[in-house]
Amino acid sequence: MSKSPPNENEKKRTRYEYRVWGEYPKARKLLASIATDSSREQIEDCYFLTEDPSWNAKVRDSTLKVKQLVNESKGFEQWVSRWHTDGDSAPAPFDDLFDELGLDRPARGKSFSLERAVKDLDPEIAATAMFVTKDRKRYRVGDLKAEVTDVTVHETGEVLCTIAIEGNNLDNLVALRKKLGLKGEDNVAVHVAIDPEG
């Protein structure tokens, strides 16, 4: 899989992300106090890990989301992302993964179990499936988004804590990272943090 620069449409779906792992109680408390809006959610995701960490693929509600790392600046990773409801729109090899999983089955009115589809995957599909549950609190800080999430990895039972900030304005992100006391911490995407080979 090769990196390609985002086209004009993709640039609209491109954002900078910074994610750290651990409790960070002071940052959590400060984030909650400066946020202009917040909400809670619980999400079930299945990540598909490949040998190339510049690609991040997951399935949620029978829809495939593929993110590609296109740039790094000031410690932030810039990702372009797209949700796919059909295999034809997904980049290789995720088009084959979409088809192998049969993610279009619900749209055709057929019953679907992602767990069963993963067990039936062709061994030649070079992707490791990792199921997670995310208990997330989302925040809005000006034009930026932030989250505090507990990620439960089904395969191990491990619960990982993470804080993330994201948005399009890099200067505002750098300022928020500094305010939260996170400058200098490792920026690690979810699919890399849960990778048992990592």
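Residues numbered from 1 in each chain as written. Predicted model: local features only at pLDDT ≥ 70, side-chain atom pairs only at ≥ 80, totals over all residues. Heavy atoms only, no water.

*Asks:* A description of the overall build of the protein should follow, citing residues and the corresponding values.
*Replies:* The number of helices and strands found in the protein is six helices and eight strands. Across the protein, helices and strands are ordered from the amino to the carboxyl terminus as α-β-α-β-β-β-β-α-α-β-β-β-α-α. For the protein, the C-alpha radius of gyration of 17 Å lies close to 16 Å, the compact-globule estimate for 198 residues. Taking the principal axes of its C-alpha atoms as reference, the protein extends roughly 45 × 40 × 35 Å. (Helix = DSSP H or I, 4+ residues; strand = E, 2+ residues; numbered from the N terminus. Rg over C-alpha atoms; globule rule 2.2 N^0.38 Å.)

*Asks:* Describe the pattern of salt bridges, with residues and values.
*Replies:* Using the criterion set out here, one finds 12 salt bridges in the structure. With a shortest N-O distance of 3.3 Å, Arg15 and Glu166 are connected by a salt bridge. Of the two residues, Arg15 is situated in strand β1 (residues 14–21) and Glu166 in strand β8 (residues 159–167); the sequence distance between them amounts to 151 residues. For Arg15, a relative accessible area of 22% translates into the label partly exposed. Across the pair Arg28 and Asp150 runs a salt bridge, and its minimum N-O distance is 3.7 Å. Placement of Arg28 in helix α2 (residues 25–34) and of Asp150 in strand β7 (residues 144–153) is noted, with a sequence separation of 122 residues between them. On the basis of relative accessible area, Arg28 is assigned to the partly exposed category, the value being 22%. Residue Asp150 is classed as partly exposed on the basis of its relative accessible area of 29%. (Salt bridge = Lys/Arg side-chain N within 4 Å of Asp/Glu carboxyl O. Buried < 20%, exposed > 50% of the residue type's maximum accessible area, 1.4 Å probe, protein only.)

*Asks:* So what about the pairing of β1? Which residues, and what values?
*Replies:* Counting buried positions along β1 yields six of eight residues, so the element is predominantly enclosed. Relative to strand β5 (residues 76–84), β1 runs antiparallel, the two being bridged by four bridges. Bridged to Glu17 within β5 is Glu77. Sheet topology places β1 next to β8; six bridges connect them, and they run antiparallel. By the bridge assignment, Trp21 is partnered in β8 with Thr162. (Pairing = 2+ DSSP bridges.)

*Asks:* An account of the sheet that holds strand β3 (residues 55–60) is requested, with residue identities and associated values reported.
*Replies:* An order of β1-β5-β4-β3-β2-β6-β7-β8 is seen for the eight strands of this closed barrel, with the pairing classed as antiparallel. Here the average twist between neighbouring strands, direction ignored, is 35°. Of the pairings in the sheet, the one linking strand β6 (residues 128–141) to β7 comprises 10 bridges and is antiparallel in character. Residue pairing in the sheet places Val141 in a bridge with Leu144 of β7. Of the strands in this sheet, β1, β4 (63–73), β5, β6, β7 and β8 touch helix α5 (residues 170–179), which is tilted by about 140° from β8. (Axes fitted to C-alpha atoms, helices over the stretch in contact; angles between N-to-C directions. Contact = heavy atoms within 4.5 Å.)

*Asks:* Can you break down a negative patch on the surface residue by residue, with the values?
*Replies:* A surface patch of negative charge is lined by Asp86, Asp88, Asp96, Asp99, Glu100, Asp122 and Glu124. Position of Asp88 relative to the elements: it lies in the loop between β5 and α3 (94–101). (Patch = residues over 30% accessible without salt bridge, like charges linked within 9 Å, V, L, I, M, F, W, Y side chains within 5 Å. Areas by Shrake-Rupley, 256 points an atom, 1.4 Å probe, with all protein chains shown as cover. Lys, Arg positive; Asp, Glu negative; His and termini not counted. Charge placed at Lys NZ, Arg CZ, Asp CG, Glu CD.)

*Asks:* Report on the nonpolar core, specifying residues and quantitative values.
*Replies:* The biggest cluster of nonpolar side chains holds 21 residues, and the ones touching the most others in it are Phe48, Leu64, Phe94, Leu101, Leu114 and Val118. For this core, the secondary-structure elements that each account for two or more residues are β2 (37–49), β3, β4, α3, α4 (114–119) and β6. Considering each element in turn, this core owes the most residues, four residues, to α3. Once you skip the residues sitting within four places of it in the chain, Leu101 turns out to touch Phe48, Val59, Phe112, Leu114, Ala117, Val118 and Leu121. Membership of the second largest hydrophobic core comes to 18 residues, among which are Ala27, Leu144, Ile163 and Leu170. (Core = buried A, V, L, I, M, F, W, Y, C linked by side-chain atoms within 4.5 Å.)

*Asks:* For the side chain of Arg177, give the residues involved together with the corresponding values.
*Replies:* Along the chain, Arg177 turns up in helix α5. One buried charge, Arg177, has no salt-bridge partner; the nearest side chain with opposite charge is Asp171, at 9.5 Å. Here Lys74 takes part through its backbone oxygen, which lies 2.8 Å from a polar atom of the side chain of Arg177. (Polar contact = N/O pair within 3.5 Å; in protein donor to acceptor, adjacent residues only side chain to side chain.)

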